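Listed below, chain by chain, are the residues.
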Amino acid sequence: MTTMTLACGLLCTQQPTEKPSPILTADQAALQRANQRIKTLEGEVEALKKTKAKKPPVKKTQAKPKRPAKQPTQTYEVTAYTNGAESTGKSAGHPDYGVTASGARTKTGHTIACPPSMAFGTRLNIEGVGVRTCEDRGGAITEGHIDLYVAGVAEAQSYGRKQLKAEIITK
């Protein structure tokens, strides 16, 4: 055989197919979820590092008593989501069903999904909605967008998209 024939024979052979992924034990699945949460949190830390502005040098002057600064109000596009597959891609049997990116369970009247620049635990007072806590993330949740957790699909769909003002009350 010539070198060319051998090379063609090696290149043209079929590669073995990948083995199907094995069924995970409960411990392996928990470890996989924990590793995914770590990656999510590492990404958030990197995003926060990039958005943190450098403070100008402080001039030494006579200290004035500090008043707590009022947080600015910002307008957000507010939508609603549920735990179901239509919002999260997870069905009721999925191990992470109802678990937020922060590891907390979703709670009606409490949980919101926020952009990565907003730390988990940040509380917002949303116009006409009330105070909610940032505990989740989502692929479609970008800067200027907040997603309210609601229990039912019909409620999420009827909520629609709203432009609402929100004030960060704690970080």
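First things first, this report covers the structure right here in the doc. For every chain, the first residue of the written sequence is number 1, and numbering continues from 1 onward in sequence order. Note on the predicted model: pLDDT of at least 70 is required for a residue's local features to be given, and 80 or more for side-chain atom pairs to be given and counted; whole-chain, interface and lining totals, by contrast, use all residues. Side-chain measures here rest on the full set of heavy atoms in the structure, leaving out hydrogens and waters.

**Here's the deal with the pattern of salt bridges**
What counts as a salt bridge is simple: a side-chain nitrogen of Lys or Arg found within 4 Å of a carboxyl oxygen of Asp or Glu. For the structure shown, the criterion picks out 4 salt bridges. Members of the salt-bridge network, linked through shared partners, are R33, R37 and D96.

**Things to note about the environment of I168**
Put simply, DSSP marks the helices as runs of H or I at least four residues long and the strands as runs of E at least two long, and each gets a number from the N terminus on. Tracing the backbone shows I168 in strand 6 (residues 162–170). Under the scheme applied here, a residue whose accessible area is under 20% of the maximum for its type counts as buried, over 50% as exposed, and between as partly exposed, the area being computed with a 1.4 Å probe on protein chains only. Among the residues examined, I168 registers a relative accessible area of 17% and is labelled buried.

**Here we look at the nonpolar core**
What makes a nonpolar core is a set of buried Ala, Val, Leu, Ile, Met, Phe, Trp, Tyr and Cys residues whose side-chain atoms join them at distances within 4.5 Å. Judged by nonpolar contacts, the single largest core of 17 residues is most densely connected at Y76, V78, I112, L124, I126 and I146. The contact criterion used throughout is that any non-hydrogen atoms of two residues lie within 4.5 Å. Those residues in contact with V78, other than ones at most four positions away along the chain, are I146, L148, Y159, G160, R161, K162 and L164.

**Remarks on the packing of aromatic side chains**
Within 6.5 Å between ring centres, the rings of Phe, Tyr and Trp (the latter by its six-membered ring) count as paired, and their orientation is classed by plane angle as stacked under 30 degrees, edge-to-face over 60, tilted in between. One pass over the full model with this rule turns up 1 aromatic pair. Judged by centre distance (5.7 Å) and plane angle (70°), the ring pair of Y81 and Y149 falls under edge-to-face. On the criterion of sequence distance, the pair formed by Y81 in strand 1 (residues 73–81) and Y149 in strand 5 (residues 145–149) is long-range, its members being 68 residues apart. Its relative accessible area of 6% is what places Y81 among the buried residues. On the accessibility criterion, Y149 (10% relative accessible area) is buried. Counting as a charge over the ring demands two things of the Lys NZ or Arg CZ atom: a distance within 6 Å of the ring centre and an angle within 35 degrees of the ring normal. Lying over the aromatic face of F120, R137 brings its terminal NZ or CZ to 4.2 Å of the ring centre.

**Here's the deal with the environment of D96**
Mapped onto the elements of the fold, D96 is located in the loop between helix 3 (85–88) and strand 2 (111–113). Sequence-wise, D96 and A30 are 66 residues apart; in three dimensions their C-alpha atoms are separated by 9.3 Å. Residues contacting D96, with those up to four places away along its chain left out, are R33, R37 and K90.

**Focus on the sheet that holds strand 6**
Strand pairing is defined by DSSP finding a minimum of two bridges between the two strands. Reading around the barrel, the 6 strands line up as 1-5-2-4-3-6 and close back on themselves, with mixed pairing between neighbours. Direction aside, the axes of adjacent strands within the sheet are offset by 50° on average. Where strand 2 and strand 4 (residues 130–136) come together, 3 bridges link them in parallel fashion. From the neighbouring strand, I112 faces strand 4, where its bridge partner is C134. Axis lines are fitted through C-alpha atoms, for helices just across the contact stretch, and the angle between N-to-C directions can take any value from 0 to 180 degrees.

**A short note on the side chain of E44**
Mapped onto the elements, E44 comes out in helix 2 (residues 26–51). Take E44: its relative accessible area is 7%, and that puts it in the buried class. Apart from residues lying up to four places away in sequence, E44 is in contact with F120 and R137.

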